[in-house]
Amino acid sequence: MAECGRVDSHTMDKSITLPPDEIFRNLENAKRFAIDIGGSLTKLAYYSTVKHKVAKVRSFDHSTKEAASDKLYEISVQEEVTARLHFIKFENAYIETCLDFIKDHLVNTETKVIKATGGGAHKFKVLIERKLGLKVDKEDEMSCLIKGCNFVLKNIPHEAFVYAKHADSEFRFQTTDPDIFPYLLVNIGSGVSIAKVESEDKFERIGGSSIGGGTFWGLGALLTKTKRFDELLQLASKGQHSSVDMLVKDIYGGSYGYLGLTGDLIASSFGKSATADKEFSKEDMAKSLLHMISNDIGQLACLYARLHNLSRVYFGGFFIRGHPLTMHTITYSINFFTKGEVQALFLRHEGYLGAIGAFLKGAEEDNPNQYSWGENYAGSSGLMSVSPDMYPMQRARSGTFDMLEMDRLDRQLVNLPLLQEPSSYIPDTVDLTEDAPAREYWLFCFEDALDGVVKRAVASQPDMPEAAVRAEKFRQKYRHKLQTLRYQPFAYGSLTVRSLLDTREHCLNEFNFPDPYSKIKERENDVALKYYQKVVKSLEELSWEDRQFALVRGVLAGNVFDWGAKAVSDVLESDPEFGFEQAKRQLEDNSGVDIILGVMPLVRELLSRGTEVVLASNSGPALNDVTNGELQILTERIAAMDPVIQSGLRDDRLTLVQNGSSSPCLDLSRLDKALAMVVRERKTDLVIIEGMGRAIHTNYFATLSCESLKLAVIKNSWLADRLGGKLFSVVFKYEVPAGKPSQEAAVLTP
Amino acid sequence: MRHRRDSREDGETSGDTCRKGQTQTMTSSFPWFGMDIGGTLVKLVYFEPKDITAEEEQEEVENLKSIRRYLTSNIAYGTTGIRDVHLELQDLTLCGRKGNLHFIRFPTHDLPVFLQMGRNKHFSSLHTTLCATGGGAYKFENDFRTMADLQLHKLDELDCLVRGVLYIDSVMSSGPSECYYFENPTDPDHCVQKPYLLENPYPLLLVNIGSGVSILAVYSENNYKRVTGTSLGGGTFLGLCCLLTGCSTFEEALEMASEGESTRVDKLVRDIYGGDYERFGLPGWAVASSFGNMMSKEKRESVSKEDLARATLVTITNNIGSITRMCALNENIERVVFVGNFLRVNTLSMKLLAYAMDYWSKGQLKALFLRHEGYFGAVGALLELLHPS
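Per an unreviewed UniProt entry, chain B goes by pantothenate kinase and derives from Nothobranchius furzeri. Among the UniProt annotations of chain B, the heading Sequence similarities (unreviewed entry) holds the following wording: "Belongs to the type II pantothenate kinase family." Taken directly from UniProt, the Subunit (unreviewed entry) text for chain B runs: "Homodimer."

The name given to chain A in an unreviewed UniProt entry is 4'-phosphopantetheine phosphatase, with Nothobranchius furzeri as the source organism. Under the UniProt heading Subunit (unreviewed entry), the note attached to chain A is "Homodimer. Interacts with PKM." UniProt's Subcellular location (unreviewed entry) comment on chain A is quoted here verbatim: "Cytoplasm".

Chemist: Help me get a handle on the interface of chain A and chain B, residues and values and all.
Modeler: Listed per partner, the contact involves 56 residues of chain A and 63 residues of chain B. Taken over both partners, the interface formed by chain A and chain B buries close to 4,800 Å², and the fraction arising from carbon and sulfur atoms is 65%. Summed over the shared surface of chain A and chain B, the number is one salt bridge. Asp140 of chain A is paired through a salt bridge with Arg279 of chain B; the nearest N and O atoms lie 4.0 Å apart. Our count for the contact surface shared by chain A and chain B stands at 20 residue pairs in polar contact (both at pLDDT 80 or more). Broken down by secondary-structure element, the contributors of at least two residues to the side of chain A that touches chain B are helix 4 (141-155), strand 10 (203-209), helix 5 (213-224), helix 7 (248-252), strand 12 (266-268) and helix 8 (282-307) of chain A. By residue number, the principal contributor to the side of chain A that touches chain B is helix 8 of chain A, which donates nine residues. Each residue belonging to the side of chain A that touches chain B can be placed in one class, and the counts come to 30 nonpolar, 16 polar and 10 charged.

Chemist: Tell me about the packing of aromatic side chains, and name the residues and values.
Modeler: As enumerated under the stated definition, the model contains 55 aromatic pairs over all chains in all. Between Trp285 of chain B and Tyr355 of chain B, the ring centres sit 5.6 Å apart and the planes meet at 90°, which makes this aromatic pair edge-to-face. Here Trp285 of chain B, found in the loop between helix 10 (269-273) and strand 16 (287-289), pairs with Tyr355 of chain B, found in helix 13 (residues 347-360); they are 70 residues apart in sequence, far enough to count as distant. Classification of Trp285 of chain B as partly exposed rests on a relative accessible area of 38%. The class for Tyr355 of chain B is partly exposed, based on a relative accessible area of 23%. Aromatic rings pair up to connect Phe161, Tyr163, Phe171, Phe173, Phe315, Phe346 and Phe490 of chain A into one cluster. The ring of Phe513 of chain A is capped by Arg470 of chain A, whose NZ or CZ atom sits 4.7 Å from the centre of that ring. It is Lys733 of chain A that lies over the ring of Tyr700 of chain A; its NZ or CZ is 4.2 Å from the centre.

Chemist: Lay out the sheet that holds strand 5 (residues 135-138) of chain A with the relevant residues and their values.
Modeler: Residue and element names in this part refer to chain A. Sheet architecture is open: seven strands sit in the order 5-4-1-2-3-16-15, paired in mixed fashion. Each end of this open sheet is capped by a strand with a single partner; those strands are strand 5 and strand 15 (373-375). Across the sheet, the axes of successive neighbouring strands diverge by a mean angle of 30°, strand direction being ignored. Note that strand 4 (residues 113-117) and strand 5 share four bridges and pair parallel. Within strand 5, the residue paired with Lys115 across the bridge is Asp137.

Chemist: Quick one: what's the story with the sheet that holds strand 8 (residues 183-188) of chain A, residue by residue and with numbers?
Modeler: Residues and elements named next belong to chain A. Taken together, the seven strands give an open sheet; going across it, the order is 7-6-14-13-8-9-10, and neighbouring strands pair in mixed fashion. Looking at the sheet topology across the chains shown, the edges are occupied by strand 7 (171-173) and strand 10. Geometrically, the sheet is characterised by an average inter-axis angle of 35° between neighbouring strands, direction not taken into account. The pairing of strand 8 with strand 13 (residues 312-316) spans four bridges and is parallel. Within strand 13, the residue paired with Leu185 across the bridge is Tyr314.

Chemist: Summarise empty space enclosed by the protein; cite the residues concerned and give the values.
Modeler: Residue and element names in this part refer to chain B. Summed over the entire model, instances satisfying the criterion amount to six cavities of 30 Å³ or more. Computed from the structure, the largest cavity encloses a volume of approximately 150 Å³. Around the largest cavity, the lining is made up of 14 residues, and of these Phe33, Phe114, Met117, Gly118 and Phe123 lie nearest the centre. For the lining of the largest cavity, the secondary-structure elements that each account for two or more residues are helix 3 (62-73) and helix 4 (111-120). Sort the elements by how many residues they give to the lining of the largest cavity and helix 4 lands first, with four residues. Considering only residue class, the lining of the largest cavity consists of 12 nonpolar, one polar and one charged.

Chemist: Residues and numbers for a nonpolar patch on the surface, please.
Modeler: A surface patch of nonpolar side chains, amounting to about 370 Å² of accessible area, comprises Val730, Phe732, Tyr734 and Val736 of chain A. By the element assignment, Val730 of chain A lies in strand 23 (residues 730-735).

Chemist: Before we move on, can you summarise the confidence of the model for chain B with the specific residues and values?
Modeler: Residue and element names in this part refer to chain B. The predicted model of chain B has a mean per-residue pLDDT of 90, with 92% of residues at 70 or higher. Within chain B, helix 8 (residues 234-245) carries the highest mean pLDDT (98), whereas helix 1 (residues 14-24) carries the lowest (42). Ignoring residues within four places in sequence, the model shows residues 5-25, a span with pLDDT below 50, making 32 contacts including any to other chains. Predicted complex, confidence summary: ipTM 0.93, pTM 0.88.

Chemist: Residues and numbers for the packing of helix 16 (residues 518-540) of chain A against helix 20 (residues 594-608) of chain A, please.
Modeler: Residues and elements named next belong to chain A. Between helix 16 and helix 20, whose axes approach to 8 Å, the crossing angle comes to 40°. Classified by the angle their axes make, helix 16 and helix 20 are oblique. The two elements helix 16 and helix 20 meet at a crossing, and its hand is right-handed. Counting all contacts with helix 16, which are made through Asn525, Ala528, Leu529, Tyr531, Tyr532, Val535, Val536, Leu539 and Glu540, the residues of helix 20 involved are Ile595, Ile596, Leu597, Met600, Pro601 and Arg604. Residues that form the contact of helix 16 with helix 20 fall into these classes: 12 nonpolar, one polar and two charged.

Chemist: Report on the nonpolar core, specifying residues and quantitative values.
Modeler: Among the nonpolar cores identified, the biggest contains 103 residues, and Phe315 and Ile330 of chain A together with Phe338 and Phe369 of chain B are the most heavily contacted of them. Top contributing element to this core by residue count: helix 8 of chain A, with 13 residues. Excluding residues that lie within four positions of it along the chain, Phe369 of chain B makes contacts with Glu178, Cys179, Tyr180, Phe182, Phe338, Leu343, Met350, Leu353 and Ala354 of chain B. The next biggest cluster of nonpolar side chains, apart from the first, holds 77 residues, and it includes Tyr252 of chain A together with Leu71, Leu94 and Leu206 of chain B.

Chemist: Summarise the side chain of Arg504 of chain A; cite the residues concerned and give the values.
Modeler: All names here are of chain A. Residue position: Arg504 is located in helix 15 (residues 497-510). Notably, Arg504 is buried but unbridged: the nearest opposite-charge side chain belongs to Glu505, and the N-O separation is 5.2 Å. When residues no more than four places from it in sequence are discounted, the contact partners of Arg504 are Phe446, Ala449, Val453, Phe474, Tyr478 and Leu623.

Chemist: Which residues make up the pairing of strand 2 (residues 41-59) of chain A, and what values do they have?
Modeler: Two faces make up the sheet, and in a regular strand the side chains alternate between them. Residues and elements named next belong to chain A. Pairing between strand 1 (residues 31-37) and strand 2: five bridges, direction antiparallel. Counterpart to Asp36 in the pairing with strand 2 is Lys43. Between strand 1 and strand 2, which pair antiparallel and follow one another directly, the connecting turn spans three residues. By the bridge criterion, 19 bridges tie strand 2 to strand 3 (residues 73-91) in an arrangement that is antiparallel. Note on strand 3: the bridge partner recorded for Arg58 is Glu74.

Conventions used here
- Residues numbered from 1 in each chain as written.
- Chains lettered and ligands numbered in written order.
- Predicted model: local features only at pLDDT ≥ 70, side-chain atom pairs only at ≥ 80, totals over all residues.
- Heavy atoms only, no water.
- UniProt positions renumbered as here; feature names shortened; annotations may be inferred.
- Contact = heavy atoms within 4.5 Å.
- Buried area = accessible area lost by both parts, 1.4 Å probe.
- Salt bridge = Lys/Arg side-chain N within 4 Å of Asp/Glu carboxyl O.
- Polar contact = N/O pair within 3.5 Å; in protein donor to acceptor, adjacent residues only side chain to side chain.
- Helix = DSSP H or I, 4+ residues; strand = E, 2+ residues; numbered from the N terminus.
- Nonpolar A, V, L, I, M, F, W, Y, C, P; charged D, E, K, R; others polar.
- Phe/Tyr/Trp six-rings, centres within 6.5 Å; stacked < 30°, edge-to-face > 60°.
- Buried < 20%, exposed > 50% of the residue type's maximum accessible area, 1.4 Å probe, protein only.
- Lys NZ or Arg CZ within 6 Å of the ring centre and 35° of its normal.
- Pairing = 2+ DSSP bridges.
- Axes fitted to C-alpha atoms, helices over the stretch in contact; angles between N-to-C directions.
- 1 Å grid on protein atoms, 1.4 Å probe; cavity = no way out; pocket = protein on both sides within 12 Å on 5 of 7 lines; lining within 4 Å.
- Points joined across faces, edges and corners; volume = space filled by probe spheres on them.
- Patch = residues over 30% accessible without salt bridge, like charges linked within 9 Å, V, L, I, M, F, W, Y side chains within 5 Å.
- Areas by Shrake-Rupley, 256 points an atom, 1.4 Å probe, with all protein chains shown as cover.
- pLDDT = per-residue confidence, 0-100.
- Parallel < 35°, antiparallel > 145°, perpendicular 65-115°, else oblique.
- Left-handed = near helix turned anticlockwise from the far one by under 90°.
- Core = buried A, V, L, I, M, F, W, Y, C linked by side-chain atoms within 4.5 Å.
- Lys, Arg positive; Asp, Glu negative; His and termini not counted.

Below you can see the structure in the form of structure tokens.
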């Protein structure tokens, strides 16, 4: 049974003061409400549209303008409306206050119903209908859970994790297999429901057990006179079960070697309490009860997994809900009964599954499942350890409000078809969750760079006087994120340089700094364009072999121009005249600003030898990386002066595609569907990945099923040390999969 | 793990191995005991020869006579030892000797008293081998030696269990049938105990419910494996009952359970859904959450000790039922034999198991029970004495 105990309900607390506009965000446009009311927590979901600023580039008509000082293209900050899903979790005690707040701020009036699920839904039905004036439409809990589970598994990387109590990092996040089915979902509410999920629409409740969270709570309350679930867990965490349980060694004097049962194994739960003349401590009884129930659920889950031949088993329900103790005992039980064949998996957003599912049921006409969604790190609380005495930061807010926000992505994201093993692909080179010194370094790095980012953000919007205030808010938000991550590195899945960069982009967007580098990029592009023909000409004068070297040096030299790397931005900030010549000196050669003078000549060379080229670039801005929009314009300009590029475009041998990403890093398992299609159609047989974010921080170890070339300059001394080189060392990693010769087309990802 | 004892000649059954063995080896000297020392109870079987010749009678030492008299003339020993007279097997032929097989039990914590008695009666002077199984055979081996000067021959409990079950089933011909089942398990008014002929027993799922539970898949007399086990067994029922109700014996706990109502303690499907949960075929009467109602303070205050005892019994029994059912499915076995002392005088649990097997498997699974429910390990140990495998 998935139903949560509707008991010991807290009295309605109306006097509580909330910072509600920070929590129920974007209510003005909110629609499609759904609510999941459990035994103690309420989860509210709604859909809203968010207006935010985006930087757009638009080409001028250069045929009418000739002056060299003319701007390359027009950058305009426009308002764009994007869809966002909001999920808020709060204690049932606040439900009335929250409903009032929503009522007061809800502008959209087309909403007529609210989807509801969870054991408490009917208890609060009247209240919800009265407060919101919406009709409560009940949805089956199990179906909601599964719908929600499918949604998070598909859309949130690092959603699932394995719990390892004694490991360096308690949470080991799983790479999501692109095919999430089939799996077993074990929901431990007051009872246990076990469902087998085979596809988006096909699932079956294959079994369950009456021994669940309600048994722990109810029996625990009887045995220990402790009323609250959390307090029972607290007791259990301090107890010794061996004083209550009869262990194998209590019967055998040692292990039962013949069967391989160790002496510490529980032979009979509560076997030692079968006596009237002994007192047992509350802690010990609670611990014994916890073991009894966890082992029993684990055993049943294993029996069902075996019967249905499933190896992915996800656990959820209020018994689990982020409690390290129950995650540990369930994990232990699963390991014991399957000898490690099946891993117990938990979900970061487990508490939201019902609300997400109920929401999706009510939002079918918006086709939410046809889009890709992404977790917005700026608006989401992240996973909080609820361990009582582990981290000082954790309970600051989680006791009251917890949020998850998901943005609808413009593009549908899929795997790069050329990934050797999509199910085991890990984009990131260093997992900062597990690598404490690396984590320390990078958190410091990002905090240290914050002033510069703020400065640049303000500078990027010189016409907006309030930019400074917004930038300050950005600073505070991002700094708070960094501080949280110091204590809870697992908050958004594995902590990586990529996630730190993405979090920063999300926070910048949050405060309407969509593209702080747009002006700088434009200036650089403009300058670089002027050199293009000169560079091409000098390259053409070289012998074939010398030219190849020169081309590679060109790409690498261009790569030095990276505002994300502190070493470079320090030089650039202090010496505005720093330019190409200096980069050349440092690399002892050649010319070009990344895309125009580095990548384009390479593209040209490839085209000249008859290779088809797919040039993939970011969909949205990230640092000073070229966006697809900018690249379109730049390519047109280059085509106007270079017949090779021009004919390439005309004959469709040079294709510009966006990669679906707005990050300086690259997750090859979340790429634009259109790019994946082109890659497949063109039978791509060489992938060139360029830049520190895409080829070093991510994908350094990625194995592809075709030839690949990873190119970058190490612009960070710590990373150079780590990789055993010096600052500004060059990475040129050419890999050939076994038994794959010739090449016909290439994908470039600057 | 699959156990295979040394193979014997084809076609032999456990009933006649002994006779053949007799011609090959010396029959053990009396007394013939088999012992199973479990976590909670010690089970003792004793073969009382009834065909003692005058010659034998004369040779018989006084100690042996006194032990025989003591055991067979009493039905209770000390304050806690009990002979289950109704289980006694009379006129049994064992290794060419005719006699009665007696079934005796006492709590494991009284083992020191038993050892003291063995010492007082100079048991060790008989130079007999004491075949013992169960964890206690290992745990107390040293105590047997130091306190009673007895050397134990230790045997694996599951080997003994399987051997004992198959033996008792094969020798039962007269009297009440050893194996039985419940007819109409899903209809309380017409649910009656019926004899069952366990003619071709394999494959068989054997569920031994003692303090804890072991589940074995038996494919032939000497080929079985332990499928799994659970720590939620008889010991859990009694342990929780003692904590919840203050009772102290199994009989007391069962008595209370028989008077209680578990639906006041448990949260049923209908308590949540108002009736059946049709979407998933769950009947309203099914337990959704064992002890689920006890999350509420008011309900905690309104239940009786009897209700709690009943809920504990139902919880433990149903859980064993559901694990058993899953094992039967995984092993593809349709017949389940439940044994172990948890089922002693526990018709409530047996009927619940019969019901659960039948209902949840839609009639596919049959629950079988054996009259000598807890003694098979001890019988197996005795057989080992008479005919070592």
